[in-house]
Amino acid sequence: MDNLILEKSKAFAIRSVNLYKHLVEEKHEYTLAKQILRSGTSIGANCREAARAQSRADFISKMNIALKEADESAYWLELLWETEYLTEEQYTSIYADSQELVKLLVSIIKTSKQTNVELRIKN
């Protein structure tokens, strides 16, 4: 795989699965664990769908969903940190990954929208 967003979103999904297992097995926390599992794995799933989009609009839509899921993941991570389910080291590391995904997705969406406008102007 040589697509940065697909690589990073899949790596984040794997971290989310491992965090879920840690929270359930070690901390006996189920509700927040399920939330981070859902949003953290959804980012990559939507990026993967976007890679096979039927149109530019479909691509932008899927990437916007991935962006929303990345932002939601950051929220759940903040809650896990503020309720002391994560150590500062755990939180800092995975939160930085979530923010990197947000920045990448925003950039991809902006570029895709600009390209779309340029295409309309040329036609």
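Read on for a plain summary of the structure. Quick caveat, the model's predicted, so the values are computed rather than measured.

What counts, and at which threshold
Residues numbered from 1 in each chain as written. Predicted model: local features only at pLDDT ≥ 70, side-chain atom pairs only at ≥ 80, totals over all residues. Heavy atoms only, no water. Helix = DSSP H or I, 4+ residues; strand = E, 2+ residues; numbered from the N terminus. Contact = heavy atoms within 4.5 Å. Salt bridge = Lys/Arg side-chain N within 4 Å of Asp/Glu carboxyl O. Buried < 20%, exposed > 50% of the residue type's maximum accessible area, 1.4 Å probe, protein only. Phe/Tyr/Trp six-rings, centres within 6.5 Å; stacked < 30°, edge-to-face > 60°. Core = buried A, V, L, I, M, F, W, Y, C linked by side-chain atoms within 4.5 Å. Expected span 1.5 Å × (residues − 1). Arc of directions from axis to C-beta. Polar contact = N/O pair within 3.5 Å; in protein donor to acceptor, adjacent residues only side chain to side chain.

Digging into the environment of Q90
Turning to its location among the elements, Q90 is positioned in helix α4 (residues 88–122). The contacts of Q90, once residues within four sequence positions are left out, are H22 and Y85.

Looking at the pattern of salt bridges
All chains considered together, the criterion is met by three salt bridges. Where K8 meets E100, a salt bridge forms, and the shortest distance between an N and an O atom there is 3.0 Å. One end of the pair, K8, is in helix α1 (residues 4–25); the other, E100, is in helix α4, and 92 residues separate them in sequence. Between R15 and D97 there is a salt bridge, with its nearest N and O atoms 2.5 Å apart. On the criterion of sequence distance, the pair formed by R15 in helix α1 and D97 in helix α4 is long-range, its members being 82 residues apart. For R15, a relative accessible area of 29% puts it in the partly exposed group.

Some thoughts on the packing of aromatic side chains
Evaluated as defined, the whole model comprises three aromatic pairs. Look at Y75 and W76: their rings are 5.1 Å apart centre to centre, the planes differ by 70°, and that puts the pair in the edge-to-face class. For Y75, a relative accessible area of 42% puts it in the partly exposed group. On the accessibility criterion, W76 (14% relative accessible area) is buried. Three or more aromatic residues link up through ring pairs in this structure, and these residues are W81, Y91 and Y95.

A word on the nonpolar core
One recurring pattern in soluble globular proteins is that nonpolar side chains are buried together. If you look at the biggest cluster of nonpolar residues, it comprises 28 residues, and the most contacted ones within it are L19, I43, C47, L77 and L105. Those elements that provide at least two residues to this core are α1, α2 (31–51), α3 (56–82) and α4. Here C47 is in contact with I5, L6, S9, M63, A66 and L105, once residues within four sequence places are set aside.

Regarding α1
Over its 22 residues, α1 runs 32 Å from end to end, which matches the ideal 32 Å to within 8%, given 1.5 Å per residue. Residues of α1 that are buried: I5, L6, S9, F12, A13, S16, L19, L23 and V24. Along the axis of α1, the buried residues cluster in a sector spanning 145°; they form a single face. N-capping of α1 is provided by N3, with a side-chain oxygen placed 3.1 Å from the backbone N of I5.

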